[in-house]
Amino acid sequence: MLPIIGITSSAADKTLTSVQKTYVNAVAAAGGIPVVLPNKPGFENEYLAACNGLLFSGGGDVQAKYFSQDNHEKVSGISEERDMFEITLARLAFEAKKPLLGICRGEQVINVALGGNLIQHIDGHDQKDARSTATHSIDITDGTKLRKWLGQSSVRVNSFHHQLADKLAPGFIVTARSAEGFTEAYEYSGDWFCACYQWHPEAMLESPEHALMIELFRPFIEACK
């Protein structure tokens, strides 16, 4: 049976439980069964038991109180329910060694949940181009799983964020940096599968020229089997 992948959902509209279809398409293309998870604190253990792996999707900012800071004035899109739900889910997944994939906000909230913190605001990383368009280059760290999966020392990616991981949680290593030296990707250094990306590889897959990005989903799906 194909592995069931729970995808965390947006809190942008209080009347809807939804995710960008690009996440669903990417999981399916890589060989998983995508299932959207509503943000319902209290159901984390049940979701964890029902899924073979979890994809933490993008969305609004993570509240700074979860890493002992005050919110920056430009923090937006906050959802107390989603923060509580995803932080609890990430911690349970870590304890159970359930495979995790984090994208954009997902990269940030996993780091916060497991003991890291964030840079709360930077300028110039929220592109106006189409979501499938790559707008800047990142350098991939030699000897990492990411370098093995992509087979390249540098790739161009898209960018839709103003927050990003700063100090990484224990056990994680940086796998890619922007030209300014910001963390663009990280992975767990041990046997547990957890890989996180600040860009949106699922959106890039909508353009045939970025077909290589499927290689970020295939190892995740394989780890979930």
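Hey, could you run me through the packing of aromatic side chains in this one?
The geometry of an aromatic ring pair is captured by the separation of the ring centres together with the interplanar angle, meaning the angle of the planes. Taken as a whole and judged by the stated rule, the model has eleven aromatic pairs. Centre to centre, the rings of Phe172 and Trp192 are 6.3 Å apart; their planes meet at 65°, and the pair counts as edge-to-face. One end of the pair, Phe172, is in strand E9 (residues 172–178); the other, Trp192, is in the loop between strand E10 (183–188) and strand E11 (194–197), and 20 residues separate them in sequence. A relative accessible area of 5% places Trp192 in the buried class.

I'm lost on the side chain of Glu44 in this one. Help?
Within the secondary structure, Glu44 is located in helix H2 (residues 44–50). Put simply, Glu44 is tucked away with no salt bridge, and the nearest opposite charge, on Arg91, sits 10 Å away. One polar contact links the side chain of Glu44 to the main-chain amide nitrogen of Gly42, over a distance of 2.8 Å.

Looking at this structure, I do not really get the pairing of strand E6 (residues 136–140). What am I missing?
As a general feature of sheets, a regular strand has side chains that alternate between the two faces. Along E6, the buried face is formed by His136, Ile138 and Ile140; none of Ser137 and Asp139, which line the opposite face, is buried. Both E6 and strand E7 (residues 154–157) contribute to a ladder of four bridges, which runs antiparallel. Paired with Ile138 across the bridge in E7 is Val155. Looking at chain direction, E6 and E9 are connected through three bridges and run antiparallel. The residue of E9 that forms the bridge with Ile140 is Ala176.

Conventions adopted
- Residues numbered from 1 in each chain as written.
- Predicted model: local features only at pLDDT ≥ 70, side-chain atom pairs only at ≥ 80, totals over all residues.
- Heavy atoms only, no water.
- Phe/Tyr/Trp six-rings, centres within 6.5 Å; stacked < 30°, edge-to-face > 60°.
- Helix = DSSP H or I, 4+ residues; strand = E, 2+ residues; numbered from the N terminus.
- Buried < 20%, exposed > 50% of the residue type's maximum accessible area, 1.4 Å probe, protein only.
- Lys, Arg positive; Asp, Glu negative; His and termini not counted.
- Salt bridge = Lys/Arg side-chain N within 4 Å of Asp/Glu carboxyl O.
- Polar contact = N/O pair within 3.5 Å; in protein donor to acceptor, adjacent residues only side chain to side chain.
- Pairing = 2+ DSSP bridges.

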